[in-house]
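Here are the chains, one letter per residue:
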Amino acid sequence: MTDQTGKPNDSEQDAATDAAQNVVDDVTSYEYSGDKDRIEHKLDEGLDQAGVELDSAEKKRVVQDIDALKDDEGAGTPDVERARPKE
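Residues numbered from 1 in each chain as written. Predicted model: local features only at pLDDT ≥ 70, side-chain atom pairs only at ≥ 80, totals over all residues. Heavy atoms only, no water.

Chemist: Help me out: how do you make sense of the overall build of the protein chain in this one?
Modeler: On a plain count of helices and strands, the protein chain comes out with 3 helices and 2 strands. Starting at the N terminus and walking to the C terminus, you meet the elements of the protein chain as α-α-β-α-β. For 87 residues, the compact-globule formula gives about 12 Å, and the C-alpha radius of gyration of the protein chain, at 13 Å, lands near that figure. Considered along the principal axes of its C-alpha atoms, the protein chain spans approximately 45 × 20 × 20 Å. Across the 87 residues of the protein chain, 32% fall into the buried class. Within the protein chain, residue pairs in contact and separated by at least 24 positions form 66% of the contacts whose partners lie at least 6 positions apart. Accessible surface for the protein chain amounts to roughly 5,700 Å². Of this, 41% is attributable to carbon and sulfur atoms. Distance between charge centroids for the protein chain: 5 Å, based on 11 positive and 25 negative side chains. (Helix = DSSP H or I, 4+ residues; strand = E, 2+ residues; numbered from the N terminus. Rg over C-alpha atoms; globule rule 2.2 N^0.38 Å. Buried < 20%, exposed > 50% of the residue type's maximum accessible area, 1.4 Å probe, protein only. Contact = heavy atoms within 4.5 Å. Areas by Shrake-Rupley, 256 points an atom, 1.4 Å probe, with all protein chains shown as cover. Lys, Arg positive; Asp, Glu negative; His and termini not counted. Charge placed at Lys NZ, Arg CZ, Asp CG, Glu CD.)

The structure is reproduced here in structure tokens:
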């Protein structure tokens, strides 16, 4: 449940971060060879379907990290540091 300030509690925060990580894993697997716009579009689609969101800096970092896999496939899937339930 959200607290009285409307912020998600720890379990909601953890669930949102896990859901966002699943989306990032999928996008990384299937879209890393696409251009940044496609990666971002697919990321937005997946996050929307999962009902979670990343702040703009986190989303930008994740898109850049996925895009960088074109040059270094061994780098692995980016880790989501923090996501939140979509408002």
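Chemist: What exactly am I supposed to notice about the layout of surface pockets here?
Modeler: Which parts of space are left empty comes out when a probe the size of a water molecule is rolled across the atoms. Its volume calculated, the second largest pocket comes out at about 160 Å³. Lining the second largest pocket are Val23, Asp26, Val27, Tyr30, Glu31, Lys42, Glu45, Gly46, Gln49 and Ala50. Mapped by element, the contributors of at least two residues to the lining of the second largest pocket are helix H1 (10–31) and helix H2 (36–50). Broken down by class, the residue content of the lining of the second largest pocket amounts to 4 nonpolar, 2 polar and 4 charged. (1 Å grid on protein atoms, 1.4 Å probe; cavity = no way out; pocket = protein on both sides within 12 Å on 5 of 7 lines; lining within 4 Å. Points joined across faces, edges and corners; volume = space filled by probe spheres on them. Nonpolar A, V, L, I, M, F, W, Y, C, P; charged D, E, K, R; others polar.)

Chemist: Could you clarify how one ought to interpret the nonpolar core in this entry?
Modeler: Across soluble globular proteins, nonpolar side chains have a tendency to be buried as a group. Counting residues in each nonpolar core, the largest one holds 16 residues, and the members touching the most others are Ala20, Leu43, Leu47 and Leu54. Counting only elements with at least two residues in this core, the list comes to H1, H2 and helix H3 (56–68). Ranked by residue count, the leading element in this core is H1, at 6 residues. Residues in contact with Ala20, not counting those within four places in the same chain, are Leu47, Val52, Leu54, Val80 and Ala83. (Core = buried A, V, L, I, M, F, W, Y, C linked by side-chain atoms within 4.5 Å.)

Chemist: Where do I start with H3 in this structure?
Modeler: Along an α-helix, residues three or four apart share an orientation, since each turn contains 3.6 residues. Across its 13 residues, H3 extends 18 Å between first and last C-alpha, which sits within 8% of the 18 Å expected from 1.5 Å per residue. If you check which residues of H3 are buried, you get Glu58, Lys59, Val62, Val63, Ile66 and Asp67. All buried residues of H3 fall inside an arc of 165 degrees around its axis, so they share one side. In H3, the exposed residues that point more than 90 degrees away from the buried face are Ala57 and Lys60. For H3, the elements touching its buried residues are H1 and H2. (Expected span 1.5 Å × (residues − 1). Arc of directions from axis to C-beta.)

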